[in-house]
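Residues per chain are reported as follows:
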Amino acid sequence: MVRIYIENEPYEIEEGRNLLEACLSLGFDLPYFCWHPALHAVGACRQCAVKQFKDENDTRGKIVMSCMTPAAAGTRISINDPQARAFRAGVIEWLMLNHPHDCPVCDEGGECHLQDMTVMSGHAYRRYRGKKRTFRNQDLGPFINHEMNRCIQCYRCLRFYRDYAGGPDLGVFSISHQVFFGRHEDGALESEFSGNLVEICPTGVFTDKSFKRHYTRKWDLQTAPSVCVHCGLGCNTISGERHGALRRIRNRYNGEVNGYFLCDRGRYGYEFVNSDQRLRHPLLRKTKAGRLAAVSGQAALEHLREMLAGSRGIVGIGSPRATLEANFALRSLVGPARFAAGMSDADLKLAGATAAILQKGAARSASLHEVRMSDAVLLLGEDASNYAPLLALSLRQSVRRGPMQALAGLGIPEWDDAAARDAIQQRKGPLFLATPAATRIDDIAARTYRAAPDELARLGFSVASLLSNRAPQAEGLTGEALGLAGEIAAALAGAERPLIVSGAGLGSEAVIQAAANVAWALLEKGRPAGLCLTLPEANSMGLALMGGQSLGRVWEAVDSGEADTVIILENDLYRRAAPSLIDRLLAASHVIVIDCLKSATVEKAEMVLPAATFAEGEGTLVNSEGRAQRFFRVLPPAGETRESWRWLSDMTAGSPAAGAWQTLDDVIADLEGALPVFQGIRAAAPGAGFRVLEQKIARQSHRYSGRTAITANIDVNEPQPPPDPNSPLAFSMEGFQGQPPPPLIPRYWSPGWNSVQALNKFQGEVGGPLRGGDPGRRLIESGRQQAAYFERVPEPFTPRAGEWLVVFLYHIFGSEELSSRSPDIRQLAPNPHVGLSPGDAAGLQLQEGDRARMEIAGRNFRLPVRLMESLPAGVAGLPVCLPGLEGIVQPGNFARIVPADWE
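Residues numbered from 1 in each chain as written. Predicted model: local features only at pLDDT ≥ 70, side-chain atom pairs only at ≥ 80, totals over all residues. Heavy atoms only, no water.

## Comments concerning the packing of helix α8 (residues 297-309) against helix α24 (residues 644-651)
What counts here: Each axis is a line fitted through C-alpha atoms, and for a helix only the stretch in contact is used; angles between axes span 0 to 180 degrees, taken between their N-to-C directions. The helix count covers DSSP runs of H or I at least four residues long, the strand count covers runs of E at least two residues long, and both are numbered beginning at the N terminus. When describing relative orientation, an angle under 35 degrees is termed roughly parallel and one over 145 degrees roughly antiparallel, while 65 to 115 degrees is termed roughly perpendicular and anything else oblique. The criterion used for residue contact is that any of the two residues' heavy atoms lie within 4.5 Å. All residues other than Ala, Val, Leu, Ile, Met, Phe, Trp, Tyr, Cys, Pro, Asp, Glu, Lys and Arg, Gly among them, are scored as polar; the first ten of these are nonpolar and the last four charged.
Close contact between α8 and α24 brings their axes to 9 Å; oriented N to C, the two are set at 55°. Overall, the two elements α8 and α24 adopt an arrangement that is oblique. Contacts from G297, L301, L304, R305 and L308 of α8 reach α24 at W647, D650 and M651. For the contact of α8 with α24, the class distribution of residues is five nonpolar, one polar and two charged.

Here you go:
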């Protein structure tokens, strides 16, 4: 810690910061534009000027830019010095010369950083009367709206998009005194993180195009803390609602998880909540040949109770996209022996193996923050950009950690971004990518290795054996692979924070085991290795920890007559197994489906109950790291929609299994008691009884307007806010409007800070954890002793004549179930295809776009061919769960591929 003086008052701050960070961390209001906590300082806008004095006797001082001045011991500054204030006022006036002053029609109005800083700097009168420069705006795709006339040339967009996220297609173009930020031509931005430009831009240059379609003023959005449901990383979000519709998703800071950013799937995949395919009322099919017809909730429950009372046996199929509470309610209803986890048999095995490795092994389950801080990484198997996008963004930051260690010797602080990048140039730390095909982060890799899954696993086993003579060796590796294994082992062993990344994306347990062996070998060598294992869905880890039977066990129960009723929880089974198997299961039993969207499974049900989405309910999800996190409803359920656990509780009202549950807290208490692995999940967020100054937390901002006008066509009286007994949040602007505990933060706002930059006021120190700690409760900590190495090394992969090993290819847009229902996401989703190497395609006399007939697992497809130079010979790439390809989930299948016109 060092002592500095602000307005002649002493303050203790952490060493190694600049003055702007220090002032903001101490709670002072100091305007800025180009600086950002994740991007650091470049001194481009000149807005954060302060006066610095040599000592207590210096009365003249000098103007300095606080973002470019170190907060050294004994530094004396004044924020309110008249010359500093005049300088800042002059700067904002220059920046506003060409601004259109279109706040009343600007999408950013009401939470605009430029508005806040203009007011803070005292610029209240427009003197410029000259002609303003104007630009032609671009079409940047379905996510981002472009309005260049509002630009103040702070360069934040470019620094995030190119330097931080690695996007290649956004640039700065200049001629004379004109500067333009955009693409070389109209077209969708290529980066999977482009939506962050909306929050990065301090003005209204880049705004949310999907929000624009159903726009409302920001202060009239009802907001609540939430968790992204579109992959296993569990990024924290803020959902916004108006007039009963979900309007947008924004980032919610969690320093251990997503930090300041979201991927585009997480930001724009929410439209399924508003889909016309939503289920809003119970549906009943009275006869096998009849149609589903709407019934009342009470009639549905009475029919269900009769059905369950007369059933020979009930089995329940859970879901990795449903909450812990919903899955536990189903498990309680049918019993642990008849509860299936709702994943394909292959996925269930992989999830169980992943959970066991992280629970029993000595390697720590790495958070995304720890990924960002790693200085040497081996990635085995995962296409992070498509499978778990924020992991890829974190890996982009990790490759800077090693080279940045040289900055201290050069006297350059890390916060001096321009100087740091000049010193580092293009040097990157060791990141080794071993995948079947090219990925979007190949550009930052030290080395890439393409091979079939078993060969990737063999590479990992070889690295582990080089690090520890107790780990098994992979025999028969090529000279190239052996040389690479040695290079990887040396880089990891020489790193301060080595990291191994793998997961279930390839469907290979051997790959995951090889990754675990490498991490454990590093720990044996005394290196503090982290292990990051990813799973595909929002609660895959939660289901793995809860346990459950396989889908195969469900089919056995139904086929044997042991059970004649199946309850399916938030799960389209046609995505989990071959259609023929699902058809047989659903035809042989009474089928009750609880879900939020129409699906192929819903169409076969006898009874359908409408489930609440994340926007309409509360619940707990466990991410791939093993962090339990709570989300809260932002709007009351429409129609007769209910949370899934409540439907299940109401089915057995009065029974000791579930009927006693009145609130979510009741379910959580029983869950903790029944399954010790979930001890402590209550600490993920305060319970429904939590109050601040005897008040609930207000979901509506104190600026919320027009409450009576909303329903003026019905009644001019203000309607009573909906009750919410499950959470400490209120559907009202009446309530606590200050800073609640981190898991309950519904929005970022502070006096004078209406934009997302108000987040600075919620952190203990700028860029650090939230006051009170980052949300969530870790359920998995590293084991206390070294686990035994996995011994089974796969045999070498040998291509088969006339057949191709199928590997799964994930696509950020299209492969995930819920986001694929969003119109904006669908625009960027690829069409179904099969990927072949150019050599394999030439052998079949196929070219790019030609159609091939593919036979896999007893199913036939006619698909266009996509040439993929990175695929190894004998391997075919098949996109996961694109339309028409659902249900192909068994890894390790070989497929026969011939031109479509062959018989």
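Moving on from the model shown.
## Side note on the nonpolar core
Under the convention used in this document: For our purposes a nonpolar core is just a set of buried Ala, Val, Leu, Ile, Met, Phe, Trp, Tyr and Cys residues, chained together by side-chain atoms within 4.5 Å. Think of it in three bands: with a 1.4 Å probe and only protein chains considered, a residue is buried below 20% of the maximum accessible area for its type, exposed above 50%, and partly exposed in between.
Membership of the largest hydrophobic core comes to 133 residues, with the highest contact counts inside it found for L531, I567, M651 and F678. In terms of residues, this core owes the most to one element, helix α19 (residues 509-524), which gives eleven residues. Not counting chain neighbours up to four residues away, the residues in contact with L531 comprise I357, L358, A363, R364, S365, A366, L499, I500, A515, A516 and A519. C67, I144, L499 and A685 belong to the second-largest nonpolar core, a separate cluster that totals 130 residues.

## Let's talk about the confidence of the model for the chain
Convention followed: Confidence scores here are pLDDT values: one per residue, from the predictor, ranging 0 to 100.
Counting all residues, the mean pLDDT for the chain is 93, and 98% of those residues have values of 70 or more. Taken together, the stretch residues 654-658 has pLDDT below 50 and engages in five contacts with residues farther than four places along the chain or on a different chain.

## Some words on the sheet that holds strand β11 (residues 236-242)
Rules: Think of it this way: DSSP has to see at least two bridges between two strands before they count as a pair.
Strands sit in the order β10-β11-β12 across an open sheet of three strands; the sheet is antiparallel. Each edge of the sheet is formed by a strand with only one pairing partner; in this case those strands are β10 (222-227) and β12 (245-251). With direction set aside, neighbouring strand axes in the sheet form an average angle of 30°. As paired elements, β11 and β12 share six bridges and run antiparallel to each other.

## Quick look at the pattern of salt bridges
Filter applied, for reference: Salt bridges are counted wherever a side-chain nitrogen of Lys or Arg sits within 4 Å of a carboxyl oxygen of Asp or Glu.
The full count for this structure, using the stated rule, is 55 salt bridges. Note that R150 and D102 form a salt bridge whose closest N and O atoms lie 2.9 Å from each other. Within this pair, whereas R150 is found in the loop between β6 (144-146) and α4 (156-164), its partner D102 is found in the loop between α2 (82-95) and α3 (113-121), the two being separated by 48 residues in sequence. Across the pair, D102 and R150 agree in class, each one buried. Two residues, R440 and E192, come together in a salt bridge whose shortest N-O distance is 2.9 Å. Of this pair, R440 sits in the loop between β19 (431-435) and β20 (447-450) while E192 is found in the loop between β8 (178-182) and α5 (197-200), placing the two residues 248 residues apart along the sequence.

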